[in-house]
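Listed below, chain by chain, are the residues.
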Amino acid sequence: MGDDKALGPDGFIVKFFRKAWEIVGFDVVDAIRDFFSTVITKILANRIKLVLAGLVDKAQATFVLGRTITDNVLLSQELVFQYHLHKGPLRCAMKVDLAKAYDVVEWDFLLANGGQGLRQRDPLSPYLFVLVMQVLHGIVCQSTTNSNLQFHWKYEQFRLVMLMFVDDLLLFSHGDPDSVRLLKSCLERFSAMSGLKANFSKSDCFISCTDEALREDLFNASGF
């Protein structure tokens, strides 16, 4: 391209960039890198969302094409229905809020490539976060297979112990301390691997049980 040519009617001519490259060069390169990074990120996000449903468990509904968070909300409402009456089988549910979820996930954990975590406004981040949470699901499945975990009576036939809501999750089981400790250990193992930790000020434990001593044991086992 000639020195007197420009990429558009309102652009700078080539000669300007050649003469002033030491001044504007870094800004031009950064702008180009940012443009291509944005484009590539959107392409990857659009491709991942098409296959995400086949990669993650049905316990995850948010950001997964064909699923809605309403499904998990309805399941959770059914799950804790009449807990306050303390009737029926013993039950325990831990509502876990993940502290600064997007800010603390390590790229070392996700891609083994160094970095400082996911970015809130990056279109790819929600889908990568869903994949990160699938690791927790895998830990729970592995740990509860051939274990002494007692399932919540409503979902024993489905072997369901977890529902996910973006950066919150619900872990539930029969109301016995050993089952609660097992689920808590899964969460701690996941936290050590990913950097994601429970926000204790926003997490809670819900118990349906009339035995005060057992209730205290369950609260202590949950840590919430």
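What counts and how
By convention here, each chain's residues receive numbers from 1 onward along its written sequence. Thresholds applied to this predicted model are a pLDDT of at least 70 for local features of residues and 80 or more for the giving and counting of side-chain atom pairs; totals over whole chains, interfaces and linings are not thresholded and use all residues. Side-chain measures here rest on the full set of heavy atoms in the structure, leaving out hydrogens and waters. Relative accessibility under 20% of the residue-type maximum defines a buried residue, over 50% an exposed one, and the middle range a partly exposed one, all with a 1.4 Å probe and only protein chains included. Strands are runs of DSSP state E lasting at least 2 residues, helices are runs of H or I lasting at least 4, and numbering of each runs from the N terminus. A strand pair is defined by DSSP finding two or more bridges across the two strands. pLDDT is a per-residue confidence score from the predictor, ranging from 0 to 100.

### Observations concerning the pairing of strand β3 (residues 168-174)
Here is step 1 of the chain: Judged by how many residues are buried, β3 sits mostly within the fold: 6 of 7 residues are covered.
Here is step 2 of the chain: With 7 bridges joining them, strand β1 (residues 91-97) and β3 adopt antiparallel strand pairing. Residue pairing across strands places valine 96 opposite leucine 169, the latter belonging to β3.
Here is step 3 of the chain: As paired strands, strand β2 (residues 162-165) and β3 are joined by 4 bridges and run antiparallel to one another. Within β3, the residue paired with methionine 162 across the bridge is leucine 171.
Here is step 4 of the chain: In this structure, the hairpin formed by β2 and β3 is closed by a connection of 2 residues, where valine 166 is found at a positive phi of approximately 55 degrees.

### So, the confidence of the model for the protein
Here is step 1 of the chain: For the protein, per-residue confidence averages 84 on the pLDDT scale, and residues scoring 70 or more make up 88% of the total.
Here is step 2 of the chain: Averaged pLDDT values over the elements of the protein bottom out at 64 in helix α4 (residues 107-111) and peak at 93 in helix α7 (residues 212-222).

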